[in-house]
Amino acid sequence: MSEFVHHADILAVDKQQNSLDLQLLVPENLYYFQGHFPAAPVLPGVVLTHWVLEYITQYFGKSVLDFQGLSALKFQIIIRPGYQLNLKLTQVNEHKYSFSYNSSHGQHASGKVLFG
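Cut-offs and rules
As a convention, each chain's residues are numbered from 1 in the sequence order in which they are written. Two thresholds apply to this predicted model, a pLDDT of at least 70 for residue-level local features and 80 or more for giving and counting side-chain atom pairs, whereas whole-chain, interface and lining totals are computed over all residues. For side-chain calculations, the full set of non-hydrogen atoms in the structure is used, while hydrogens and water are omitted. Only DSSP runs of H or I with at least four residues qualify as helices, and only runs of E with at least two residues qualify as strands; both kinds are numbered from the N terminus onward. When accessible area is computed with a 1.4 Å probe and restricted to protein chains, residues below 20% of their type maximum are described as buried, those above 50% as exposed, and intermediate ones as partly exposed. Positive charge is attributed to Lys and Arg, negative charge to Asp and Glu, and no charge count is given to His or to the chain ends. All charge positions are set by atom: Lys at NZ, Arg at CZ, Asp at CG, Glu at CD. In this scheme, strands are said to pair when DSSP sees at least two bridges between them. To get an axis, a line is fitted to the C-alpha atoms, and for a helix only the part in contact is used. The angle between two axes follows their N-to-C directions and goes from 0 to 180 degrees.

J.: Residues and numbers for the overall build of the protein chain, please.
T.: Along the protein chain, the regular secondary structure elements total 1 helix and 6 strands. For the protein chain, the α and β elements follow one another from N to C terminus as β-β-α-β-β-β-β. Along the longest, intermediate and shortest principal axes, the C-alpha atoms of the protein chain span 45 × 25 × 25 Å. Among the 116 residues that make up the protein chain, the fraction classed as buried is 35%. Side-chain charges of the protein chain comprise 7 positive and 8 negative groups, with the mean position of each set lying 13 Å from the other.

Pasting the structure below:
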């Protein structure tokens, strides 16, 4: 039995001053697929937003302690094991970031993240 992982594999990173593009591969052994759902695994939306917060803190230097909320949150297409995703993060202003997850299957999720 393989060991579970908690993050997507980062295949490529393109960091600009106010934007970040990440190419991600969703592994088959991702922890969050356990029980969600056994016959047809789906990546929970809360994991997508958690990853967004982690990448904003890592690449833009924001503190999770300053997180205030999410807005305009949309989940359009489910994500399954093995999908290759493009995550686009854009700094709208000092306190707001937008994000979108896309793949060859279409747009999966989008929204805005607010910091204090």
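J.: Summarise the pairing of strand E4 (residues 84–93); cite the residues concerned and give the values.
T.: Two elements, strand E2 (residues 19–25) and E4, share 7 bridges in a ladder whose sense is antiparallel. Residue glutamine 23 lies in a different strand from E4, and its bridge partner there is asparagine 86. As paired elements, E4 and strand E5 (residues 96–103) share 7 bridges and run antiparallel to each other. Following the sheet pairing, asparagine 93 is matched in E5 by lysine 96. Once E4 ends, the chain turns through 2 residues before running back antiparallel as E5.

J.: Residues and numbers for the sheet that holds E5, please.
T.: The strand order across the open sheet built from 6 strands is E1-E2-E4-E5-E6-E3, with neighbouring strands paired in antiparallel fashion. Unpaired on one side and paired on the other, strand E1 (9–15) and strand E3 (67–75) mark the two borders of the sheet. Averaged over all pairs of adjacent strands, the angle between their axes in this sheet comes to 15°, without regard to strand direction. Two elements, E1 and E2, share 6 bridges in a ladder whose sense is antiparallel. Residue pairing across strands places alanine 12 opposite glutamine 23, the latter belonging to E2.

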